[in-house]
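Chains, contacts and geometry: an overview
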Amino acid sequence: MDEETHHRADPDDGHLTCVRCGTTVEGDAPPATWLCSMENGSRQYCCEACARTHIRAIEGRLDAD
Ligand SMILES: [Zn+2]
């Protein structure tokens with residue numbers, strides 16, 4: 001029954017989890033390089049590497065336009 005718990009970002013657990021790759025970081029606030037967004041009323045965090053990929057995807061989409 002506990003197998004799914006590590007897939008969830010739980011801010012009360014003393015660490016944050018990247019929603020994209022599952023990387024975790026200690027603390028209750030994300031590093032400045034991480035992205036934070038609100039999804040369905042809860043915060044989701046995206047690590048630096050995934051943020052770069054995400055931003056590139058957005059820029060690529062803009063360029064394509
Ligand atoms: Zn990530």
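Residues numbered from 1 in each chain as written. Predicted model: local features only at pLDDT ≥ 70, side-chain atom pairs only at ≥ 80, totals over all residues. Heavy atoms only, no water.

Observations concerning the overall build of the chain
Helix and strand counts for the chain stand at one helix and four strands. Going residue by residue from the N terminus, the α and β elements of the chain occur as β-β-β-β-α. Burial statistics for the chain: of 65 residues in total, 15% are counted as buried. Considering only intrachain contacts with a sequence separation of at least 6, the fraction spanning at least 24 residues in the chain is 24%. Working note: accessible area of the chain is about 5,400 Å², and carbon and sulfur atoms make up 46% of it. (Helix = DSSP H or I, 4+ residues; strand = E, 2+ residues; numbered from the N terminus. Buried < 20%, exposed > 50% of the residue type's maximum accessible area, 1.4 Å probe, protein only. Contact = heavy atoms within 4.5 Å. Areas by Shrake-Rupley, 256 points an atom, 1.4 Å probe, with all protein chains shown as cover.)

Here we look at the pairing of strand β3 (residues 35-39)
Two faces make up the sheet, and in a regular strand the side chains alternate between them. Note that β3 and strand β4 (residues 42-46) share five bridges and pair antiparallel. When the sheet's bridge partners are listed, Leu-35 is paired in β4 with Cys-46. The hairpin formed by β3 and β4 contains two residues between the paired strands, and Asn-40 there has a positive phi angle of roughly 55°. (Pairing = 2+ DSSP bridges.)

Things to note about the coordination of the zinc ion
Every protein donor of the zinc ion is listed here as Cys-18 (SG), Cys-21 (SG), Cys-47 (SG) and Cys-50 (SG), and their distances to the metal cover 2.3 to 2.4 Å. Viewed at the metal, the four donor atoms of the zinc ion are separated by angles of 106 to 115°, and the geometry they form is tetrahedral. Each donor residue of the zinc ion belongs to the same chain, and together they define the spacing C-x2-C-x25-C-x2-C. Taken together, the residues Cys-21 in the loop between β1 (15-17) and β2 (24-26) and Cys-47 in the loop between β4 and α1 (48-64) connect sequence positions 26 residues apart. Judged by relative accessible area, which is 43%, Cys-21 ranks as partly exposed. Residue Cys-47 is classed as buried on the basis of its relative accessible area of 7%. (Donors = N, O, S within 2.8 Å, 3.2 Å for Na, K, Ca; no water. Tetrahedral: all angles 85-135°; square planar, octahedral: opposite > 155°, others 65-115°.)

Some points on the pattern of salt bridges
Throughout the structure, instances matching the rule amount to one salt bridge. Among the ionic pairs, Glu-48 bridges to Arg-52, the shortest N-O distance being 3.0 Å. A residue pair is termed a helical-turn pair when its members lie 3 or 4 positions apart in one helix, as Glu-48 and Arg-52 do in helix α1 at four residues. On the accessibility criterion, Glu-48 (33% relative accessible area) is partly exposed. Given a relative accessible area of 53%, Arg-52 falls into the exposed group. (Salt bridge = Lys/Arg side-chain N within 4 Å of Asp/Glu carboxyl O.)

This is a description of form; function is not addressed.
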